[in-house]
Amino acid sequence: MEWITNPWPWYVSGPLIALVMFALLFVGKQFGMSSNLRTACSIGGAGKASDFFKFDWKKERWNLIVVLGAIIGGFLSANYLSDNTVDINPEIATKLETYGITSTGDAYLPTEIFGAESLSDPKILAILLVGGFFVGFGARYAGGCTSGHAISGLSNLQLPSLIAVIGFFIGGLIMINFIYPLIF
(Lines give C-alpha, C1' and ligand atoms only; values in the text may rest on other atoms or scores of the structure.)
Protein backbone atom coordinates (compact mmCIF):
# COMPACT_ATOMS: atom_id res chain seq x y z
CA MET A 1 0.00 0.00 0.00
CA GLU A 2 2.96 2.30 0.56
CA TRP A 3 3.65 2.56 -3.20
CA ILE A 4 0.29 4.28 -3.68
CA THR A 5 0.43 6.59 -0.66
CA ASN A 6 3.84 8.06 -1.46
CA PRO A 7 4.52 10.47 -4.34
CA TRP A 8 5.52 8.69 -7.52
CA PRO A 9 8.84 9.60 -9.11
CA TRP A 10 8.85 11.52 -12.37
CA TYR A 11 10.17 8.53 -14.31
CA VAL A 12 6.97 6.62 -13.46
CA SER A 13 4.31 9.34 -13.56
CA GLY A 14 5.73 11.10 -16.64
CA PRO A 15 5.56 8.05 -18.91
CA LEU A 16 2.07 7.24 -17.57
CA ILE A 17 0.88 10.71 -18.56
CA ALA A 18 2.52 10.24 -21.98
CA LEU A 19 0.77 6.88 -22.37
CA VAL A 20 -2.62 8.45 -21.60
CA MET A 21 -1.94 11.28 -24.05
CA PHE A 22 -0.92 8.80 -26.74
CA ALA A 23 -4.15 6.86 -26.20
CA LEU A 24 -6.20 10.07 -26.45
CA LEU A 25 -4.39 11.11 -29.63
CA PHE A 26 -4.97 7.65 -31.05
CA VAL A 27 -8.74 7.91 -30.53
CA GLY A 28 -8.85 11.58 -31.63
CA LYS A 29 -9.61 13.19 -28.27
CA GLN A 30 -8.00 16.12 -26.45
CA PHE A 31 -7.64 16.41 -22.69
CA GLY A 32 -8.48 19.50 -20.69
CA MET A 33 -10.47 20.46 -17.62
CA SER A 34 -11.77 23.95 -18.43
CA SER A 35 -13.64 22.71 -21.49
CA ASN A 36 -15.80 20.72 -19.08
CA LEU A 37 -17.17 23.97 -17.64
CA ARG A 38 -18.39 24.91 -21.11
CA THR A 39 -19.91 21.43 -21.53
CA ALA A 40 -21.65 21.64 -18.14
CA CYS A 41 -23.05 25.09 -18.96
CA SER A 42 -24.27 23.82 -22.31
CA ILE A 43 -25.99 20.87 -20.65
CA GLY A 44 -27.64 23.35 -18.25
CA GLY A 45 -29.11 25.32 -21.17
CA ALA A 46 -26.66 28.21 -21.39
CA GLY A 47 -26.87 27.98 -25.18
CA LYS A 48 -30.13 29.93 -24.93
CA ALA A 49 -28.22 32.91 -23.53
CA SER A 50 -24.99 32.77 -25.55
CA ASP A 51 -23.89 31.29 -28.85
CA PHE A 52 -20.62 30.25 -27.20
CA PHE A 53 -22.51 27.42 -25.48
CA LYS A 54 -24.33 26.27 -28.63
CA PHE A 55 -22.47 23.13 -29.66
CA ASP A 56 -23.00 19.37 -29.61
CA TRP A 57 -22.05 18.74 -25.99
CA LYS A 58 -22.82 15.01 -26.33
CA LYS A 59 -19.55 14.60 -28.26
CA GLU A 60 -17.65 16.00 -25.26
CA ARG A 61 -19.44 14.21 -22.42
CA TRP A 62 -16.65 11.61 -22.24
CA ASN A 63 -14.43 14.32 -20.74
CA LEU A 64 -16.90 14.84 -17.87
CA ILE A 65 -15.77 11.44 -16.60
CA VAL A 66 -12.29 12.95 -16.18
CA VAL A 67 -13.78 15.59 -13.86
CA LEU A 68 -15.73 12.95 -11.94
CA GLY A 69 -12.55 10.87 -11.63
CA ALA A 70 -10.58 13.89 -10.41
CA ILE A 71 -13.21 14.65 -7.77
CA ILE A 72 -13.47 11.06 -6.56
CA GLY A 73 -9.71 10.50 -6.73
CA GLY A 74 -9.02 13.73 -4.85
CA PHE A 75 -11.52 12.81 -2.15
CA LEU A 76 -10.16 9.29 -1.73
CA SER A 77 -6.52 10.37 -1.66
CA ALA A 78 -7.13 13.28 0.75
CA ASN A 79 -9.24 11.24 3.16
CA TYR A 80 -7.81 7.73 2.95
CA LEU A 81 -4.40 7.70 1.28
CA SER A 82 -2.48 10.56 2.85
CA ASP A 83 -1.90 12.45 6.05
CA ASN A 84 -2.97 15.58 4.13
CA THR A 85 0.41 17.28 4.46
CA VAL A 86 3.28 17.94 2.10
CA ASP A 87 6.94 18.30 3.01
CA ILE A 88 8.22 21.50 1.45
CA ASN A 89 11.64 23.07 1.28
CA PRO A 90 12.53 24.68 4.65
CA GLU A 91 13.59 27.88 2.86
CA ILE A 92 10.13 28.15 1.28
CA ALA A 93 8.49 27.53 4.68
CA THR A 94 10.56 30.36 6.16
CA LYS A 95 9.59 32.68 3.29
CA LEU A 96 5.89 31.79 3.75
CA GLU A 97 6.15 32.61 7.46
CA THR A 98 7.11 36.17 6.50
CA TYR A 99 3.71 36.34 4.75
CA GLY A 100 1.91 35.06 7.86
CA ILE A 101 1.49 31.47 6.65
CA THR A 102 2.64 29.22 9.48
CA SER A 103 0.64 26.07 8.67
CA THR A 104 3.28 24.53 6.38
CA GLY A 105 3.74 20.90 7.31
CA ASP A 106 0.40 20.87 9.14
CA ALA A 107 -2.00 21.01 6.20
CA TYR A 108 -1.97 20.42 2.46
CA LEU A 109 -3.36 23.90 1.75
CA PRO A 110 -2.54 26.90 3.95
CA THR A 111 -5.36 27.16 6.47
CA GLU A 112 -4.65 30.89 6.74
CA ILE A 113 -6.07 31.26 3.22
CA PHE A 114 -8.26 28.21 2.63
CA GLY A 115 -9.47 27.37 6.14
CA ALA A 116 -13.13 27.79 7.07
CA GLU A 117 -12.33 30.62 9.50
CA SER A 118 -10.47 32.56 6.81
CA LEU A 119 -13.65 32.88 4.72
CA SER A 120 -15.02 35.30 7.30
CA ASP A 121 -12.14 37.65 6.43
CA PRO A 122 -13.41 39.90 3.61
CA LYS A 123 -9.87 40.35 2.22
CA ILE A 124 -9.33 36.57 1.84
CA LEU A 125 -12.82 36.05 0.43
CA ALA A 126 -12.28 38.83 -2.12
CA ILE A 127 -8.92 37.36 -3.15
CA LEU A 128 -10.47 33.93 -3.66
CA LEU A 129 -13.43 35.30 -5.65
CA VAL A 130 -11.37 37.63 -7.84
CA GLY A 131 -8.69 34.97 -8.30
CA GLY A 132 -11.31 32.40 -9.27
CA PHE A 133 -12.80 34.80 -11.80
CA PHE A 134 -9.41 35.54 -13.34
CA VAL A 135 -8.49 31.86 -13.52
CA GLY A 136 -11.81 31.04 -15.21
CA PHE A 137 -11.65 34.03 -17.54
CA GLY A 138 -7.99 33.43 -18.31
CA ALA A 139 -8.56 29.76 -19.08
CA ARG A 140 -11.32 30.62 -21.51
CA TYR A 141 -9.43 33.57 -23.03
CA ALA A 142 -6.33 31.41 -23.51
CA GLY A 143 -8.42 28.72 -25.19
CA GLY A 144 -7.83 26.24 -22.39
CA CYS A 145 -6.49 25.68 -18.91
CA THR A 146 -2.98 24.81 -17.78
CA SER A 147 -3.60 21.07 -17.99
CA GLY A 148 -5.12 21.35 -21.45
CA HIS A 149 -2.29 23.44 -22.86
CA ALA A 150 0.66 22.00 -20.94
CA ILE A 151 -0.27 18.35 -21.29
CA SER A 152 -2.55 18.00 -24.30
CA GLY A 153 -1.56 21.03 -26.37
CA LEU A 154 2.19 20.54 -26.03
CA SER A 155 1.89 16.83 -26.80
CA ASN A 156 0.06 17.84 -30.00
CA LEU A 157 2.93 20.26 -30.79
CA GLN A 158 0.56 23.25 -30.89
CA LEU A 159 2.34 26.61 -30.97
CA PRO A 160 -0.55 28.42 -29.16
CA SER A 161 -0.16 25.96 -26.29
CA LEU A 162 3.56 26.64 -26.06
CA ILE A 163 2.87 30.38 -25.95
CA ALA A 164 0.14 29.86 -23.33
CA VAL A 165 2.38 27.70 -21.11
CA ILE A 166 5.17 30.29 -21.29
CA GLY A 167 2.58 32.91 -20.32
CA PHE A 168 1.35 30.77 -17.39
CA PHE A 169 4.90 30.50 -16.05
CA ILE A 170 5.62 34.21 -16.48
CA GLY A 171 2.30 35.08 -14.81
CA GLY A 172 3.03 32.73 -11.93
CA LEU A 173 6.48 34.20 -11.40
CA ILE A 174 5.10 37.76 -11.44
CA MET A 175 2.34 36.80 -9.03
CA ILE A 176 4.48 35.04 -6.44
CA ASN A 177 7.41 37.46 -6.55
CA PHE A 178 5.68 40.83 -6.91
CA ILE A 179 1.90 40.77 -6.35
CA TYR A 180 1.63 38.20 -3.54
CA PRO A 181 4.02 40.10 -1.23
CA LEU A 182 1.88 43.22 -1.73
CA ILE A 183 -1.32 41.40 -0.78
CA PHE A 184 0.10 39.76 2.32
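Only a predicted model underlies this, so the values are computations on that prediction, with no experimental measurement involved.

**Focus on the pattern of salt bridges**
(1) Moving on: Scanning the entire structure with this criterion turns up one salt bridge.
(2) Moving on: Asp51 is the partner of Lys54 in a salt bridge, and the nearest nitrogen-oxygen pair spans 3.2 Å.

**A few points about the environment of Val12**
(1) Moving on: Note on placement: Val12 falls in helix α2 (residues 10–27).
(2) Moving on: Linking Val12 and Tyr180, residues 168 residues apart in sequence, is a C-alpha distance of 34 Å.

**Thoughts on unusual backbone geometry**
(1) Moving on: Unlike most non-glycine residues, Leu157 shows phi in positive territory, near 60°.
(2) Moving on: In this fold, Leu157 is placed in the loop between α8 (146–155) and α9 (159–183).

**Comments concerning the confidence of the model for the chain**
(1) Moving on: Scored by pLDDT, the chain comes out at a mean of 85, with 98% of its residues at no less than 70.
(2) Moving on: Across the chain, α9 holds the top mean pLDDT of 90, while helix α1 (residues 2–5) sits lowest at 75.

**Details of a nonpolar patch on the surface**
(1) Moving on: Taken together, Leu159, Leu162, Ile163, Ile166, Ile170, Ile174, Met175, Phe178 and Ile179 make up a surface patch of nonpolar side chains, about 830 Å² in accessible area.
(2) Moving on: Along the chain, Leu159 turns up in helix α9.

**What about the packing of α2 against α8?**
(1) Moving on: One way to put it is that α2 packs onto α8 with a least axis distance of 10 Å and a crossing angle of 60°. Considering the angle they form, α2 stands oblique to α8. Where α2 crosses over α8, the two elements pack in a sense that is right-handed. Along the contact surface, α2 presents Ile17, Met21 and Leu25, while α8 presents Ile151, Ser152 and Ser155.

**Some details on the environment of Leu159**
(1) Moving on: Overall, the relative accessible area of 56% leaves Leu159 in the exposed class.
(2) Moving on: Linking Leu159 and His149, residues ten residues apart in sequence, is a C-alpha distance of 9.9 Å.

Thresholds, definitions, all that
Residues numbered from 1 in each chain as written. Predicted model: local features only at pLDDT ≥ 70, side-chain atom pairs only at ≥ 80, totals over all residues. Heavy atoms only, no water. Salt bridge = Lys/Arg side-chain N within 4 Å of Asp/Glu carboxyl O. Helix = DSSP H or I, 4+ residues; strand = E, 2+ residues; numbered from the N terminus. pLDDT = per-residue confidence, 0-100. Patch = residues over 30% accessible without salt bridge, like charges linked within 9 Å, V, L, I, M, F, W, Y side chains within 5 Å. Areas by Shrake-Rupley, 256 points an atom, 1.4 Å probe, with all protein chains shown as cover. Axes fitted to C-alpha atoms, helices over the stretch in contact; angles between N-to-C directions. Parallel < 35°, antiparallel > 145°, perpendicular 65-115°, else oblique. Left-handed = near helix turned anticlockwise from the far one by under 90°. Contact = heavy atoms within 4.5 Å. Buried < 20%, exposed > 50% of the residue type's maximum accessible area, 1.4 Å probe, protein only.

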